[in-house]
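# Working through the structure, step by step
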Amino acid sequence: EDKVVQSPLSLVVHEGDTVTLNCSYEVTNFRSLLWYKQEKKAPTFLFMLTSSGIEKKSGRLSSILDKKELFSILNITATQTGDSAVYLCAPNGGTSYGKLTFGQGTILTVHP
Amino acid sequence: NAGVTQTPKFRVLKTGQSMTLLCAQDMNHEYMYWYRQDPGMGLRLIHYSVGEGTTAKGEVPDGYNVSRLKKQNFLLGLESAAPSQTSVYFCASRPGGTPGELFFGEGSRLTVL
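Residues numbered from 1 in each chain as written. Chains lettered and ligands numbered in written order. Predicted model: local features only at pLDDT ≥ 70, side-chain atom pairs only at ≥ 80, totals over all residues. Heavy atoms only, no water.

Tallying secondary structure elements over chain B gives zero helices and eleven strands in all. By its C-alpha atoms, chain B is 40 × 25 × 25 Å across when sized along the principal axes. For chain B, the share of sequence-separated contacts (at least 6 apart) that also reach a separation of at least 24 residues comes to 53%. As presented, chain B carries roughly 5,300 Å² of accessible surface, and 52% of it is formed by carbon and sulfur atoms. Distance from the positive charge centre (11 side chains) to the negative charge centre (9 side chains) of chain B: 5 Å. (Helix = DSSP H or I, 4+ residues; strand = E, 2+ residues; numbered from the N terminus. Contact = heavy atoms within 4.5 Å. Areas by Shrake-Rupley, 256 points an atom, 1.4 Å probe, with all protein chains shown as cover. Lys, Arg positive; Asp, Glu negative; His and termini not counted. Charge placed at Lys NZ, Arg CZ, Asp CG, Glu CD.)

In this section: the nonpolar core. Core analysis: the biggest nonpolar cluster contains 20 residues, and Leu33(A), Trp35(A), Tyr87(A) and Leu108(A) have the highest contact counts within it. For this core, the secondary structure elements donating two or more residues are strand S3 (19-26), strand S4 (32-38), strand S5 (44-49), strand S7 (61-66), strand S8 (71-76), strand S9 (85-92) and strand S10 (106-111) of chain A. The biggest single contributor to this core is S3(A), with four residues. When sequence neighbours within four positions are dropped, the list of residues in contact with Leu33(A) reads Cys23(A), Tyr25(A), Phe47(A), Met48(A), Leu49(A), Leu65(A), Ser72(A), Cys89(A), Ala90(A) and Pro91(A). Counting 19 residues, the second largest nonpolar core, distinct from the first, contains Ala90(A), Phe102(A), Tyr33(B) and Tyr35(B). (Core = buried A, V, L, I, M, F, W, Y, C linked by side-chain atoms within 4.5 Å. Buried < 20%, exposed > 50% of the residue type's maximum accessible area, 1.4 Å probe, protein only.)

The side chains of a regular strand alternate, first on one face of the sheet and then on the other. All names here are of chain B. Of all seven residues in strand S5 (residues 43-49), six are buried; the element is thus mostly enclosed. When strand S4 (residues 31-37) meets S5, the two strands line up antiparallel, connected through six bridges. For Tyr33, the partnering residue across the bridge sits in S5 and is Tyr48. The turn linking S5 back onto strand S6 (residues 56-57) is made up of six residues, and Gly53 within it adopts a positive phi angle of 85°. (Pairing = 2+ DSSP bridges.)

Quick look at the sheet that holds S10(A) now. Residues and elements named next belong to chain A. Read from one edge to the other, the open sheet built from five strands follows the order S2-S10-S9-S4-S5, with strand pairing classed as mixed. Pairing within the sheet leaves two strands with one partner each, and these edge strands are strand S2 (10-14) and S5. Ignoring which end each strand starts from, the neighbouring axes of this sheet average 20° apart. Note that S4 and S5 share five bridges and pair antiparallel. (Axes fitted to C-alpha atoms, helices over the stretch in contact; angles between N-to-C directions.)

Right, let's get into the layout of surface pockets. Of the volumes computed, that of the largest pocket is approximately 670 Å³. Lining of the largest pocket is provided by 27 residues; of these, Glu39(A), Lys40(A), Gln37(B), Val88(B) and Arg109(B) occupy positions nearest its centre. The element that contributes the greatest number of residues to the lining of the largest pocket is strand S11 (residues 108-112) of chain B, accounting for four residues. Residue composition of the lining of the largest pocket, grouped by class: nine nonpolar, eleven polar and seven charged. (1 Å grid on protein atoms, 1.4 Å probe; cavity = no way out; pocket = protein on both sides within 12 Å on 5 of 7 lines; lining within 4 Å. Points joined across faces, edges and corners; volume = space filled by probe spheres on them. Nonpolar A, V, L, I, M, F, W, Y, C, P; charged D, E, K, R; others polar.)

So, about the state of the cysteines. All names here are of chain B. One pass over the full model with this rule turns up two disulfides over all chains. The disulfide that involves Cys23 links it to Cys91, with 1.9 Å between the sulfurs. On the S-S bond that ties Cys23 to Cys91, the torsion sits near -75°, and the link is left-handed. With a gap of 68 residues between them, Cys23 in strand S3 (residues 19-25) and Cys91 in strand S9 (residues 87-94) connect regions that are remote in the sequence. Here Cys23 matches Cys91 in class, with each residue buried. (Disulfide = S-S within 2.5 Å.)

Here we take up the interface of chain A and chain B. Interface size, as often reported, equals the accessible area lost upon joining of the parts. Contacts between the two partners involve 22 residues from chain A, matched on the other side by 22 residues from chain B. Interface of chain A and chain B: buried area, both sides summed, is about 1,700 Å²; carbon and sulfur atoms make up 59% of it. At the surface where chain A touches chain B, the tally comes to zero salt bridges. Applying the counting rule to chain A against chain B returns three residue pairs in polar contact (both at pLDDT 80 or more). (Buried area = accessible area lost by both parts, 1.4 Å probe. Salt bridge = Lys/Arg side-chain N within 4 Å of Asp/Glu carboxyl O. Polar contact = N/O pair within 3.5 Å; in protein donor to acceptor, adjacent residues only side chain to side chain.)

The next point concerns the sheet that holds S7(A). Working definition: the strands of a sheet are paired by backbone hydrogen bonds and lie parallel or antiparallel to each other. Residue and element names in this part refer to chain A. Ordered by their spatial adjacency, five strands build an open sheet running S1-S3-S8-S7-S6, and the pairing between neighbours is antiparallel. Each end of this open sheet is capped by a strand with a single partner; those strands are strand S1 (3-7) and strand S6 (56-58). On average, each strand axis in the sheet is inclined to that of its neighbour by 15°, with strand direction left out of account. Alignment of S3 against S8, held across six bridges, turns out to be antiparallel. Across the sheet, Thr20 pairs through a bridge with Asn75, a residue of S8.

So this is what it looks like as structure tokens:
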């Protein structure tokens, strides 16, 4: 059975801190891994990762995939209060083609 | 550009009532998904479809039915609503083949009394 585990489940930091969010997975026929940020409404897309060891970067956010050890990390440097959100990962693959299952998410709270 | 549109956005039901949530996308996407999200939790997959006329069960399909009669529409039905189905429902779609980004609707908040 496919598994996705995100850690930590919640995290409280102060502005300026750096955080690392983890996503481990066990998914057959792995194709890609997606990261999303969710504030009040629908999730917004951050990254799609398909290759190991290649960092994707967008401003203060970056992410990398390790297909050998089956995990991905999302880093946020110099955090701001606007980074407060739920961060979700979703490995794309699995025994049922097209199925896309999300992890339970990491709730990040950034205090001023 | 409409993208993914969900209707209704809010609904209150009594236990035992039935209703249908409609998801419409205008991007000619092959794949469509219904998720539910409860407070403090991630998105849980209810049902999904990899093309017109096809549907498949996700993680939490019990109590829900779906139909994909037209490529652009994916309907989620509750035949006999229960308080445990109080949740926010998100529809999403993506192109077939390429394992890429999901495009989400804005969500539908359903309360079952």
